[in-house]
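Topology and contacts: notes
Residues per chain, in single letters:
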Amino acid sequence: MRNNLLPVASLLLGTLFLFLGNGLQGLLLPVRGTAEGYPTTILGLIGTSWAAGFVLGCFFAPAVVKRIGHVRAFSVFSSLIAIVALMTGILIDPTWWLILRALTGFATAGTSMIIESWLNERATNESRGVIFSLYIAITLFGVVGGQMMIPFGDTSTSTLFMICGILYCVAMLPTLLSKAATPQPLKQVQLDLRGLYRNSPVSFLGILLVGIANGAFGTLGAVFGRQAGLSDSTVAAMMSVAIFAGAVMQLPAGRLSDRIDRRYVLAALAGVGALAGLLIFLVEPTQVWIVLTLIAIYGAAANALYPIAVSHANDFATAEDFVKVSGGLLLLYGIGTIIGPTIGGPVMTATGPYGLFMITACAHILITAYAIIRSRMRAPVPVAERDAFSPINTGTAVTPESLQLSPRAAPFDETHGNDGDIDPEQEEKSNGPV
């Protein structure tokens, strides 16, 4: 274990600080925006802006890295995120926030892709399962840790925005000081929608709807909490418990889906998520313990849907196609996270804060219905021939590059995984001119 992790320790440390900043800034903006009286529609569009920037970054960031090299590109993207975080605290204006949030999403995709490709370069077929699991865990704890900083600061001042900037700057240091060899060029992302649908209609539509529901809740959950009268600390706890409940639920739900038709598990989980959402929407609970309990149930169901849908799609794909299929589904999920906040804001404006869960309930009901319908139209893959379930966290932002680390991906050439240091002069040449 020690030998597996030492070569990537600095990269994982930088990842932790990067996602601490992401978690803090992602929750701080809707909380501060609500306090400033921004319309719910605008707050939803701020989330849409970030998601759109992130998806575009997955497509176009590799070209930036190819032109100036990994080290310089990582410095550029990280600096841009830090500058934007500081400017967001200075320019308290919804128009500026929309623009700056898109830049943050784009740069976050760039930094994440560089870190993930660097981890790939240092991993071997024996160690990448450990590295992949630890990477996902670090992104999860980073986001939750950042969110839990909210109660310890004053959201009405610029202090927490400055802390975001500091965290992003610190995230640069371990990676820039690392002597890890510069990885291979990032892969250009391709999205084959027709191929994805032919492979698995349930996964295609299901993941799009999961993206809509998770995008709406992830962006507007804090807005719901503040408008429902919850304190900043309770809002932070609410958003964190949803992520943790989903992480805990993934393994038992996934193991069950290895034994029975995954579409039945998808239908059941989506049904539970829909029921929890409808209860919140219809009952409009105000007691904190009731809200947190229902949110925990909702998060456990909603955040366990994505990896099971990916596993179902990969049941019908070869091992060599894992990265292509899963990467396409990840980008399809990103498209859903663009749609969710866009429609969630106007619905909350028209129906009140609890209307958020009407959106999530509708998405989950559609997943349940379609999964049941398709289970009558196509036989499941026999248990012995299925791809084994592997958890994938959807509570944090990961890019298609991370899928190369998954132990489910096809084995790669071990020759790239040496631990030798590289000559700084050679590294400078590999980075190319600015």
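As the structure is a prediction and not an experimental result, all values here were calculated from the model. (Residues numbered from 1 in each chain as written. Predicted model: local features only at pLDDT ≥ 70, side-chain atom pairs only at ≥ 80, totals over all residues. Heavy atoms only, no water.)

1. Comments concerning the overall build of the protein
What counts, and what does not: The secondary structure listing takes helices from DSSP runs of H or I that are at least 4 residues long and strands from runs of E that are at least 2 residues long, numbered from the N terminus. Partly exposed residues are those whose accessible area sits between 20% and 50% of the maximum for their type, while under 20% is buried and over 50% is exposed, using a 1.4 Å probe and protein chains only. Contacts between residues were defined by any pair of non-hydrogen atoms, one from each residue, lying within 4.5 Å. Only the protein chains shown count as cover for residues, and all accessible areas are computed by the Shrake-Rupley method using a 1.4 Å probe.
Scanning the protein for helices and strands turns up 16 helices and zero strands. Residues counted as buried form 57% of the 434 residues belonging to the protein. The contacts in the protein between residues at least 6 apart in sequence include a share of 88% that link residues at least 24 apart. For the protein, the accessible area works out to roughly 16,800 Å², and carbon and sulfur atoms hold 68% of it.

2. Side note on the pattern of salt bridges
Applied cut-off: Any Lys or Arg side-chain nitrogen located within 4 Å of an Asp or Glu carboxyl oxygen qualifies as a salt bridge.
The tally for this structure, following the rule as stated, stands at six salt bridges. For arginine 226, the salt bridge identified is with aspartate 232, shortest N-O distance 2.9 Å. In this structure, the salt-bridge partner of aspartate 258 is arginine 262, at a minimum N-O distance of 3.0 Å. By relative accessible area, which is 1% here, arginine 262 ends up buried. A cluster of three or more residues bridged by salt bridges with shared partners is formed by Arg255, Asp258, Arg262 and Asp315.

3. Remarks on the packing of helix 3 (residues 40–68) against helix 5 (residues 94–122)
The line we're drawing: Axis geometry follows a simple rule: fit a line to the C-alpha atoms, using only the stretch in contact for helices, then measure angles between N-to-C directions, giving values from 0 to 180 degrees. The handedness criterion is simple: a crossing whose near helix is rotated anticlockwise from the far helix by less than a right angle is left-handed, and one whose near helix is rotated clockwise is right-handed.
Put simply, helix 3 and helix 5 touch, their axes get as near as 6 Å, and they point 40° apart. Every pair of crossing elements has a handedness; the one defined by helix 3 and helix 5 is right-handed.

4. So, the confidence of the model for the protein
Let me state the cut-off plainly: Scored between 0 and 100, pLDDT is the confidence that the predictor attaches to each residue.
On average, residues of the protein score 84 in pLDDT, and 82% of them are at 70 or above. Note on residues 414–434: pLDDT is under 50 here. Beyond four places in sequence and across chains, it has 40 contacts.

5. So, the environment of alanine 270
By the secondary structure assignment, alanine 270 is in helix 11 (residues 262–283). Classification of alanine 270 by relative accessible area gives buried; the value is 0%. Taking the C-alpha atoms as reference points, alanine 270 and threonine 360, 90 residues apart in sequence, are found 9.8 Å from one another. Among all residues touching alanine 270, those that are not within four sequence positions of it are Leu305, His364, Ile367 and Thr368.

6. Points about a nonpolar patch on the surface
Rules: Only residues whose relative accessible area exceeds 30% and that form no salt bridge enter a patch; like-charged residues are grouped when within 9 Å of one another, and nonpolar side chains (Val, Leu, Ile, Met, Phe, Trp, Tyr) when within 5 Å.
Side chains of Leu275, Leu278, Leu279, Leu282, Val283 and Ile365 sit close together on the surface and give an oily, nonpolar patch of about 550 Å² of accessible area. If you tally residues by element for the nonpolar patch, the top one is helix 11, at five residues.

7. Let's talk about the nonpolar core
Our working rule: Here, nonpolar core refers to any group of buried Ala, Val, Leu, Ile, Met, Phe, Trp, Tyr and Cys residues whose side-chain atoms link them within 4.5 Å.
Formed by 104 residues in total, the largest nonpolar core has its most connected members in Leu27, Leu119, Phe217, Phe224, Ile295, Leu329 and Leu356. Examining the composition of this core, we find that 14 residues originate from one element, helix 9 (residues 201–227), more than from any other. Once residues within four sequence positions are removed from consideration, leucine 329 is found in contact with Leu196, Ser203, Ile207, Tyr306, Val310 and Ala313.

8. Section: helix 11
Heads up, the rule is: In a helix, the anticipated span is given by 1.5 Å times the number of residues less one.
Here helix 11 contains 22 residues, and its C-alpha end-to-end distance of 31 Å stays within 8% of the 32 Å for a straight helix at 1.5 Å per residue. Here helix 11 has its buried residues at Arg262, Arg263, Val265, Leu266, Ala267, Leu269, Ala270, Gly273, Ala274, Ala276, Gly277 and Ile280. Downstream of helix 11 by one or two residues, glutamate 284 has phi in the positive range, about 50°.

9. Digging into the side chain of arginine 374
Here is the rule: For this count, His and the chain ends are skipped, Lys and Arg are scored as positive, and Asp and Glu as negative.
The topology assignment puts arginine 374 in helix 15 (residues 356–375). For the buried arginine 374, no salt bridge exists, and the shortest N-O distance to an oppositely charged side chain is 10 Å, to aspartate 261. Excluding its chain neighbours within four sequence positions, the residues that come into contact with arginine 374 are Pro201, Val202 and Arg263.

10. Looking at the environment of leucine 167
As for its placement among the helices and strands, leucine 167 is situated in helix 7 (residues 159–177). When the C-alpha atoms of leucine 167 and glycine 21 are compared, they prove to be 5.5 Å apart, with 146 residues separating the residues in sequence. Apart from residues no more than four positions distant in its own chain, leucine 167 is found in contact with Phe17, Leu20, Gly21, Leu24 and Met149.

11. Quick look at the packing of aromatic side chains
The geometry of an aromatic ring pair is captured by the separation of the ring centres together with the interplanar angle, meaning the angle of the planes. We apply this condition: We call Phe, Tyr and Trp rings a pair once their centres come within 6.5 Å, taking the six-membered ring for Trp, and we label the pair stacked below 30 degrees between planes, edge-to-face above 60, and tilted otherwise. Any Lys NZ or Arg CZ that is within 6 Å of a ring centre and within 35 degrees of that ring's normal is treated as a charge sitting over the ring.
Enumeration according to the criterion identifies 12 aromatic pairs in this entry. Pairing phenylalanine 217 with phenylalanine 357 gives two aromatic rings, centres 6.0 Å apart and planes at 55°, and the pair type is tilted. In this pair, phenylalanine 217 is assigned in helix 9 and phenylalanine 357 in helix 15, connecting sequence segments 140 residues apart. Here the two residues phenylalanine 217 and phenylalanine 357 agree in accessibility, since each one is buried. Grouping aromatic residues by their ring pairs yields a cluster made of Phe217, Phe224, Tyr298, Tyr354 and Phe357. Sitting over the ring of phenylalanine 316, arginine 378 keeps its end group 3.6 Å from the ring centre.

12. Notes on the packing of helix 10 (residues 232–257) against helix 11
Spelled out, the test is: The nonpolar class holds Ala, Val, Leu, Ile, Met, Phe, Trp, Tyr, Cys and Pro. Asp, Glu, Lys and Arg form the charged class, and all remaining residues, Gly among them, are polar.
Closest axis-to-axis distance for the helix 10/helix 11 pair is 8 Å, and the angle between their directions is 140°. Contacts between helix 10 and helix 11 involve Met249, Ala253, Gly254, Leu256 and Ser257 from the first element and Arg262, Val265 and Leu269 from the second. Looking at the contact of helix 10 with helix 11 residue by residue, the classes come out as five nonpolar, two polar and one charged.

13. So, the side chain of threonine 111
Here is the rule: Nitrogen and oxygen atoms within 3.5 Å of one another constitute a polar contact, given that in protein one can donate a hydrogen and the other can accept it, and given that sequence-neighbouring residues count only through two side-chain atoms.
By secondary structure assignment, the location of threonine 111 is in helix 5. Judged by its relative accessible area of 0%, threonine 111 is buried. Among the polar contacts made by the side chain of threonine 111, one reaches the main-chain carbonyl oxygen of threonine 108 at a distance of 2.9 Å. With residues near it in sequence (within four places) discarded, threonine 111 still touches Leu18, Phe74, Phe77, Ser78 and Ile81.

14. Here's the deal with unusual backbone geometry
Not every positive phi belongs to a glycine, and glutamate 284 is a case in point at roughly 50°. Inspection of the secondary structure assignment puts glutamate 284 in the loop between helix 11 and helix 12 (288–302).

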